[in-house]
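Below, each chain spelled out in residue letters.
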Amino acid sequence: MKKLFLALALGMLYMPQYSIAQLKSVDDVQKELETKNVDTIAWEHGGVLNFGVNEGFLHNWSAGGEIASLNINGIFSGHLDRLHDRDIWSNNLDLNYGLNYAYSQAFIPHKTDDRIDFTSKYGIRIDSSKHYYFTGLFNFKSQFTKGYNYTLPNWDSASTSKFLSPAYFTAALGGEYREGSDISLFLSPAAARLTLASKYYTDMTPQGEFGVPYNKTSYFQFGAYFSGRYVINIKKNMVFKTRLDLYSDYLAKDTKDSTGKVIKKDNPGNVSFLFDNLFTYKISKYFNVTLGLTMIYDNNIPYVGTVENGSGQTVPNGQPGSGLGWLQVKQIFTFGMEYKF
């Protein structure tokens, strides 16, 4: 796992420079505020909205396949920055949602993507360099609707998650290196994280759910946090965004049941991470291709190798990619419309 963390970090650090136009715009506005209009407040904003639909239909198709299917995906990524003298307040919002409708499933929608991720940072520039800031950060993560394990026979009888279950809140103080709105490297030695979840989910297993202990509704962590964001404009019509979050909990320790048996192992060296990547290729004024890859490792969300088959017996999970173990992986590919502002 340590090798994987190192590889991800190096991948972030060695990417080429990007988005000169937007980055230069933010930096130029800030420089002008410092030299000419120190009492002026300036706002910079931008974002991309992608919407994609994939449809398929088969009739008497000898090779077989899903008779009719429809996939709908929506992705929004936006930022809003407030600049005043040496201060900067930046906000990033990422929203994802996707549904699949299939004839074999009676066109009952199955969720394929669901994400709410909001980050707000307030930084004060350090005099020694125009790119270094003392920054406070707040991050919120959750989802829009209920999630289900569709591999189970009666999957709709019990959800596995819902809005605010789980909900992750992170507050941190630290140093940040940033250039405009496109390059940000934030490191905090003092980061508090709170996870919230309903007892409906934490009562399902002896060790609880989402890191929240059995029969509890919250779980507090305190540790070190790193968050890096980088945007690269490969060509005029090609944009690649990447993000790496790392978190180490100083308070991490083994979880034991009432008999003293260890039901979950943990320690501060067990670093959680989120590695998010989004590539967008603009084909024309309104149409584009989007490719996304997200990987998450969290010791509080283990991989379960077996599932209940509806008859009271457990059978191997059997899902594709089971060899990846605890690593959570999400991959998307969408052809659709794009609106950029």
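What you are looking at is a predicted structure, and each value in this text was computed from that prediction instead of being measured. (Residues numbered from 1 in each chain as written. Predicted model: local features only at pLDDT ≥ 70, side-chain atom pairs only at ≥ 80, totals over all residues. Heavy atoms only, no water.)

Trainee: Sorry, what's going on with the overall build of the protein chain here?
Mentor: Secondary structure summary: the protein chain contains three helices and 16 strands in total. Summarising the internal contacts of the protein chain: among those between residues at least 6 apart in sequence, 62% fall at separations of at least 24. Counting only carbon and sulfur atoms, one obtains 62% of the accessible surface of the protein chain, whose full area is about 18700 Å². (Helix = DSSP H or I, 4+ residues; strand = E, 2+ residues; numbered from the N terminus. Contact = heavy atoms within 4.5 Å. Areas by Shrake-Rupley, 256 points an atom, 1.4 Å probe, with all protein chains shown as cover.)

Trainee: What should I look at first to understand the pattern of salt bridges in this one?
Mentor: Close approach of charged atoms allows side chains of opposite charge to pair. The tally for this structure, following the rule as stated, stands at eleven salt bridges. The salt bridge involving Arg115 is made with Asp117; its shortest N-O contact spans 3.2 Å. Overall, Arg115 belongs to the buried group, its relative accessible area being 10%. Residue Asp117 is classed as buried on the basis of its relative accessible area of 1%. Where Lys141 meets Asp245, a salt bridge forms, and the shortest distance between an N and an O atom there is 3.9 Å. Highlighted residues: Lys141 in strand E5 (residues 132-142) and Asp245 in strand E9 (residues 238-249), separated in sequence by 104 residues. (Salt bridge = Lys/Arg side-chain N within 4 Å of Asp/Glu carboxyl O. Buried < 20%, exposed > 50% of the residue type's maximum accessible area, 1.4 Å probe, protein only.)

Trainee: What exactly am I supposed to notice about empty space enclosed by the protein here?
Mentor: If a probe as big as a water molecule is rolled over the atoms, it shows which places are left empty. Applying the stated criterion across every chain, the model contains two cavities of 30 Å³ or more. What lines the largest cavity is simply Gln221, Tyr247, Ser248, Asp249, Ala252, Asp266, Asn267, Pro268, Asn270, Ser272, Asp298 and Asn300. The element contributing the most residues to the lining of the largest cavity is E9, with three residues. Of the residues that constitute the lining of the largest cavity, the class distribution is three nonpolar, six polar and three charged. Its boundaries defined by the atoms lining it, the second largest cavity holds a volume of some 40 Å³. In this structure, the second largest cavity is lined by Tyr168, Arg193, Thr195, Phe210, Gln221, Tyr247, Ser272, Asp298 and Asn300. The class makeup of the residues in the lining of the second largest cavity is three nonpolar, four polar and two charged. (1 Å grid on protein atoms, 1.4 Å probe; cavity = no way out; pocket = protein on both sides within 12 Å on 5 of 7 lines; lining within 4 Å. Points joined across faces, edges and corners; volume = space filled by probe spheres on them. Nonpolar A, V, L, I, M, F, W, Y, C, P; charged D, E, K, R; others polar.)

Trainee: Just checking my understanding: could you explain the sheet that holds strand E13 (residues 287-297) for this structure?
Mentor: Sheets are built from strands paired through backbone hydrogen bonds, the pairs being either parallel or antiparallel. Strand order in the closed barrel made by the twelve strands is E1-E2-E3-E4-E5-E6-E7-E8-E9-E12-E13-E16, with antiparallel pairing throughout. Averaged over all pairs of adjacent strands, the angle between their axes in this sheet comes to 20°, without regard to strand direction. (Pairing = 2+ DSSP bridges. Axes fitted to C-alpha atoms, helices over the stretch in contact; angles between N-to-C directions.)

Trainee: I tried to follow the environment of Ile183 on my own but got confused; where do I start?
Mentor: Position of Ile183 among the secondary structure elements: in strand E7 (residues 183-196). For Ile183 and Arg229, which are 46 residues apart along the polypeptide, the C-alpha to C-alpha distance reads 5.8 Å.

Trainee: Sorry, what's going on with the side chain of Asn270 here?
Mentor: For Asn270, the location among the structural elements is in the loop between strand E11 (262-264) and strand E12 (272-282). According to the relative accessible area criterion, Asn270 is buried, its value standing at 19%. For Asn270, the side chain forms a polar contact with the side chain of Asn299, separated by 3.0 Å. The residues contacting Asn270, other than those within four sequence positions of it, are Tyr247, Lys265, Tyr297 and Asn299. (Polar contact = N/O pair within 3.5 Å; in protein donor to acceptor, adjacent residues only side chain to side chain.)

Trainee: I'm lost on the pairing of strand E16 (residues 328-340) in this one. Help?
Mentor: The side chains of a regular strand alternate between both faces of the sheet. In this sheet, E16 lies alongside strand E1 (residues 42-57) in antiparallel orientation, the contact comprising five bridges. Directly across from Phe51, in E16, lies its bridge partner Met337. Across ten bridges, the pairing between E13 and E16 is antiparallel. Considered in E16, the bridge of Thr294 is made with Lys330.

Trainee: Sorry if this is basic, but what is going on with the environment of Leu185 here?
Mentor: Within the element layout of this structure, Leu185 appears in strand E7. Taking the C-alpha atoms as reference points, Leu185 and Phe226, separated by 41 residues in sequence, lie 7.5 Å from one another. Contacts of Leu185, omitting those with residues within four sequence positions, involve Gly175, Glu176, Tyr177, Phe226, Ser227 and Gly228.

Trainee: Any chance you could explain a nonpolar patch on the surface here in plain terms?
Mentor: Judged by side-chain polarity, Phe51, Val53, Tyr281, Ile283, Tyr286, Phe287, Phe335 and Met337 come together as a nonpolar surface patch covering roughly 730 Å² of accessible area. Contributions of two or more residues to the nonpolar patch are made by E1 and E16. (Patch = residues over 30% accessible without salt bridge, like charges linked within 9 Å, V, L, I, M, F, W, Y side chains within 5 Å.)

Trainee: Just checking my understanding: could you explain the nonpolar core for this structure?
Mentor: One recurring pattern in soluble globular proteins: nonpolar side chains tend to sit buried together. Phe226, Leu244, Phe273, Phe275, Met295, Tyr297 and Leu327 together form the largest nonpolar core, which totals seven residues. Setting aside residues up to four positions removed in sequence, Phe226 forms contacts with Leu185, Phe186, Leu187, Leu244, Asp245 and Leu246. (Core = buried A, V, L, I, M, F, W, Y, C linked by side-chain atoms within 4.5 Å.)

Trainee: How should I be thinking about the confidence of the model for the protein chain in this particular structure?
Mentor: Parts of the prediction with low pLDDT should not have their coordinates interpreted in detail. Scored by pLDDT, the protein chain has a mean of 84; 82% of the residues are at 70 or more. Segment residues 1-24: pLDDT under 50, and 42 contacts once partners within four positions in sequence are set aside and those in other chains are kept. (pLDDT = per-residue confidence, 0-100.)

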